[in-house]
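The lines below spell out each chain.
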Amino acid sequence: MLDWIKEPWPWYVSGPLIGLMVPLLLIFGNKAFGISSSLRHICAICVPMNIKYFNYDWRGEMWNLFFAAGIILGGFIAHEYMTNNEQIAISEATVESLKQRGITDFSSYVPVEIFNWGDLFTFKGFVFIVLGGFLVGFGTRYANGCTSGHSISGLSNLQLASLVATISFFIGGLIMTHFVLPYILR
């Protein structure tokens, strides 16, 4: 059983499991699936100023913080105890494209040549880690939700704003992959 859990799950198992979370949360808790609102809840707890955006009943959303903590704990357990020590399976075309751009270490989930503490204070590291993190956070707030909230929960509820956000996520990913990333990795 543990060997089966350690292997990547096929889309026809993991996809429906994630998809079933949306109706289960709606039916049993009248809650929307998403993770980005957790930061708002944490700020409302830790910064009890009279800021309108943080002035709401965050206690009713504590389940979301437990959900976020479960994701962090699950990620830690999976990394520490369930790693299968095999190289990450990505297409040969992607490997060749990345090698042409100087990315050669495929032993980790993220390229070490881009994401490491030593590069944090270089221009490349600053762009990827600091500026990229800021843009993700800003985009999440501006779009009023993250990729999981919009693309899983919002689309299943037939929300037009979620469709626009999901299309924008894909367009942004394509622009980053084909135009921005090659420029930064030169």
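Refer to the structure printed above.
Remember, predicted model here, so these are calculated numbers, not experimental data. (Residues numbered from 1 in each chain as written. Predicted model: local features only at pLDDT ≥ 70, side-chain atom pairs only at ≥ 80, totals over all residues. Heavy atoms only, no water.)

Novice: Report on the packing of helix α6 (residues 123–142) against helix α8 (residues 160–184), specifying residues and quantitative values.
Specialist: In the contact formed by α6 and α8, the axes pass within 10 Å of each other and the chain directions differ by 150 degrees. In terms of orientation, α6 lies roughly antiparallel with respect to α8. For the pair α6 and α8, the contacting residues are K124, V127 and F128 in the first and M176, L181 and I184 in the second. (Axes fitted to C-alpha atoms, helices over the stretch in contact; angles between N-to-C directions. Helix = DSSP H or I, 4+ residues; strand = E, 2+ residues; numbered from the N terminus. Parallel < 35°, antiparallel > 145°, perpendicular 65-115°, else oblique. Contact = heavy atoms within 4.5 Å.)

Novice: Outline the nonpolar core, supporting the account with residue identities and numerical values.
Specialist: Residues V95, L98, I103, F106, I114, V127, F128, L181, I184 and L185 constitute the largest nonpolar core, which totals 10 residues. Taken together, the elements giving at least two residues each to this core come down to α5 (92–100), α6 and α8. Among all residues touching L98, those that are not within four sequence positions of it are I103 and F106. (Core = buried A, V, L, I, M, F, W, Y, C linked by side-chain atoms within 4.5 Å. Buried < 20%, exposed > 50% of the residue type's maximum accessible area, 1.4 Å probe, protein only.)

Novice: Lay out α6 in plain terms, naming residues and giving numbers.
Specialist: Where α6 bends most, the angle comes to about 30 degrees, and this point is G132. Taken residue by residue, α6 has G125, V127, F128 and T140 as its buried positions. Check the buried side of α6 and you find it contacts α8. (Bend = angle between axes of the 7 residues up to and from the residue.)

Novice: Could you give an account of the state of the cysteines, naming the residues involved and the relevant values?
Specialist: According to the stated counting rule, one finds zero disulfides in the structure shown. Here C43 is not cross-linked by a disulfide; its sulfur's nearest cysteine counterpart is in C46, at 7.3 Å. Exposure remark for C43: the relative accessible area of 24% places this residue in the partly exposed category. (Disulfide = S-S within 2.5 Å.)

Novice: Just give me the short version of the packing of helix α3 (residues 37–46) against helix α4 (residues 62–81), but keep the residues and values in it.
Specialist: Interaxial distance between α3 and α4 falls to 9 Å at its minimum, and their mutual angle equals 115 degrees. As α3 packs across α4, the resulting crossing turns out to be left-handed. Where α3 approaches α4, its residues S37, S38, H41, I42 and I45 are matched on the opposing element by M62, N64, L65 and A68. Taken together, the residues of the contact of α3 with α4 break down into five nonpolar, four polar and no charged. (Left-handed = near helix turned anticlockwise from the far one by under 90°. Nonpolar A, V, L, I, M, F, W, Y, C, P; charged D, E, K, R; others polar.)

Novice: Break down a nonpolar patch on the surface for me, with residues and values.
Specialist: On the surface, a nonpolar cluster with roughly 1200 Å² of combined accessible area is contributed by Y109, V110, F115, F126, I129, V130, L131, F134, L135, F138 and Y142. Relative to the assigned elements, L135 resides in helix α6. (Patch = residues over 30% accessible without salt bridge, like charges linked within 9 Å, V, L, I, M, F, W, Y side chains within 5 Å. Areas by Shrake-Rupley, 256 points an atom, 1.4 Å probe, with all protein chains shown as cover. Salt bridge = Lys/Arg side-chain N within 4 Å of Asp/Glu carboxyl O.)

Novice: Requested: an account of the packing of aromatic side chains, with residues and values cited.
Specialist: Going through the model one piece at a time under the given rule, you end up with seven aromatic pairs. Centre to centre, the rings of F134 and F138 are 6.1 Å apart; their planes meet at 20 degrees, and the pair counts as stacked. Note that F134 and F138 are positioned in helix α6 at a spacing of four residues, about one turn of the helix. Judged by relative accessible area, F134 falls into the exposed class, the value being 54%. Feature note: the residues F134, F138 and Y142 constitute an aromatic cluster, connected by ring pairs. The ring of Y53 carries the charged tip of R40 above its face, separated from the ring centre by 4.2 Å. Here R40 stacks its cationic end above the ring of Y56, 4.1 Å away from the centre of that ring. (Phe/Tyr/Trp six-rings, centres within 6.5 Å; stacked < 30°, edge-to-face > 60°. Lys NZ or Arg CZ within 6 Å of the ring centre and 35° of its normal.)

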